[in-house]
Amino acid sequence: FPFEEAYVRANKTLKEQEIRPEEFYDVINPDEIESDVAYVKRMEREYVKRETPEEVEAHKLSDIFEAVMHQEIELSDWLGPDTETIRPSRFDDIKNGVDSIIRIRKGGGEDTRLALGIDVTFSQYSMAKKMRRILREIDSGELAEVKYYSEEDEDSEKPRHIPHLRIPRVAVGFNAPLVKELGSVWMDKTRKKDLARHPVQHLLADEIMMQLVVLGDYAEQKGKPSIAAA
């Protein structure tokens, strides 16, 4: 498995699709945008200083999985034919824990959206941390925030900017050996059909569905009907 080569490809794929806060001057105060951009640079420098080799590998694997998922949800309909992925800004990734956004087109009805926190784990600690964050949000009557959200607008040539979007969140976790195996298939040009029907798509869908049911029930029990409905 050409790990570093896969990471370079994944990083390039995600960077090209990433929402850029600098394009939101029409709806968000410029000083606020500049502050958020500076925050990202500061945090990335901190990560370089303090990350362990294990954490570096985990983040690279996460990027590989996110890139594969980003492509295959649309190319191979991993989550259905009316579903697309939107790569959030680096700010929303770091600050708000949103690694990917799923948009489900309703065809005449209002689209629905789902925030994904993606975790490629070597231990259960980081996944548990993500789940605790979701439960705290529900307890306080909040949904996940995506500060910089942008999507194609069928009625305009320009993308539609929606600041401070609130959408439900789930945390998707996969172990490192599975992601490495998936990355190996992704890097092999002769195995595109294997990637299109890879069983990880069913694991992804099942985990999302299970969490939506459990978290919806939890919100009902906590007396948060609007959160449960979302």
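Scroll up to find the structure this text is about.
Conventions adopted
Residues numbered from 1 in each chain as written. Predicted model: local features only at pLDDT ≥ 70, side-chain atom pairs only at ≥ 80, totals over all residues. Heavy atoms only, no water. Helix = DSSP H or I, 4+ residues; strand = E, 2+ residues; numbered from the N terminus. Polar contact = N/O pair within 3.5 Å; in protein donor to acceptor, adjacent residues only side chain to side chain. Contact = heavy atoms within 4.5 Å. Axes fitted to C-alpha atoms, helices over the stretch in contact; angles between N-to-C directions. Parallel < 35°, antiparallel > 145°, perpendicular 65-115°, else oblique. Left-handed = near helix turned anticlockwise from the far one by under 90°. Nonpolar A, V, L, I, M, F, W, Y, C, P; charged D, E, K, R; others polar. Expected span 1.5 Å × (residues − 1). Phe/Tyr/Trp six-rings, centres within 6.5 Å; stacked < 30°, edge-to-face > 60°. Buried < 20%, exposed > 50% of the residue type's maximum accessible area, 1.4 Å probe, protein only. Lys NZ or Arg CZ within 6 Å of the ring centre and 35° of its normal. Patch = residues over 30% accessible without salt bridge, like charges linked within 9 Å, V, L, I, M, F, W, Y side chains within 5 Å. Areas by Shrake-Rupley, 256 points an atom, 1.4 Å probe, with all protein chains shown as cover. Salt bridge = Lys/Arg side-chain N within 4 Å of Asp/Glu carboxyl O. Lys, Arg positive; Asp, Glu negative; His and termini not counted. Charge placed at Lys NZ, Arg CZ, Asp CG, Glu CD. Core = buried A, V, L, I, M, F, W, Y, C linked by side-chain atoms within 4.5 Å.

The residue His161 is located in strand S5 (residues 160-167) in this model. Separated by 3.2 Å, the side chains of His161 and Asp26 make a polar contact. Once residues lying within four places of it in the same chain are set aside, the contact partners of His161 are Glu23, Phe24, Asp26, Val27, Tyr149 and Ser150.

Relative to each other, helix H1 (residues 3-17) and helix H3 (residues 53-75) sit at 60°, their axes nearing to 8 Å. One finds that H1 runs oblique with respect to H3. Crossing of H1 over H3 shows left-handed handedness. From H1, Phe3, Glu4, Ala6, Tyr7, Arg9, Ala10, Asn11, Thr13, Leu14 and Gln17 reach across to H3, where they touch Glu57, Lys60, Leu61, Asp63, Ile64, Glu66, Ala67, His70 and Gln71. A breakdown of the residues in the contact of H1 with H3 according to their chemical character gives eight nonpolar, five polar and six charged.

Our focus in this paragraph is H3. Across its 23 residues, H3 extends 33 Å between first and last C-alpha, which sits within 8% of the 33 Å expected from 1.5 Å per residue. Phi for Asp77, located one or two positions after H3, is positive at around 55°.

This model, assessed by the stated rule, comprises five aromatic pairs. Ring centres of Tyr39 and Phe91 lie 5.7 Å apart, and the angle between their planes is 70°; this geometry places the pair in the edge-to-face category. Highlighted residues: Tyr39 in helix H2 (residues 30-50) and Phe91 in helix H4 (residues 90-96), separated in sequence by 52 residues. The same class applies to Tyr39 as to Phe91, namely buried. With a centroid separation of 5.9 Å and an interplanar angle of 85°, the aromatic rings of Phe91 and Tyr148 are classed as edge-to-face. Taken as a pair, Phe91 in helix H4 and Tyr148 in strand S4 (residues 144-151) lie far apart in primary sequence, 57 residues in all. This pair shows no difference in class: Phe91 is buried, exactly as Tyr148 is. Grouping aromatic residues by their ring pairs yields a cluster made of Phe24, Tyr39, Phe91 and Tyr148. The positively charged end of Arg9 is found above the aromatic ring belonging to Trp186, 3.9 Å away from the centroid.

Right, let's talk about the environment of Ser76 for a bit. Mapping Ser76 onto the fold places it in the loop between H3 and strand S1 (83-86). Measuring from C-alpha to C-alpha, the distance between Ser76 and Lys192 comes to 9.9 Å, with 116 residues separating the pair along the chain.

On to a positive patch on the surface. Among the surface-exposed residues, Arg50, Lys129, Arg132 and Arg136 lie close enough to one another that they form a single positively charged patch. The residue Lys129 is located in helix H5 (residues 125-139) in this model.

A few words on unusual backbone geometry. In the Ramachandran plot, Asp77 falls in the positive-phi region, its phi being about 55° despite a non-glycine side chain. Its location among the elements puts Asp77 in the loop between H3 and S1. Backbone geometry places His164, a non-glycine residue, at a positive phi of 55°. You can call His164 partly exposed: its relative accessible area is 40%.

A few words on the nonpolar core. One finds Ile64, Phe65, Leu116, Trp186 and Leu204 to be the most contacted residues of the largest nonpolar core, which totals 38 residues. For this core, the secondary-structure elements that each account for two or more residues are H1, H3, strand S3 (112-121), H5, strand S6 (169-175), helix H6 (176-187), helix H8 (200-221) and helix H9 (225-229). Looking at this core, the element that brings in the most residues is H3, giving seven residues. Leave out the neighbours within four places in its chain, and Trp186 touches Ala6, Arg9, Ala10, Ile64, Ala67, Val68, Gln71 and Leu195.

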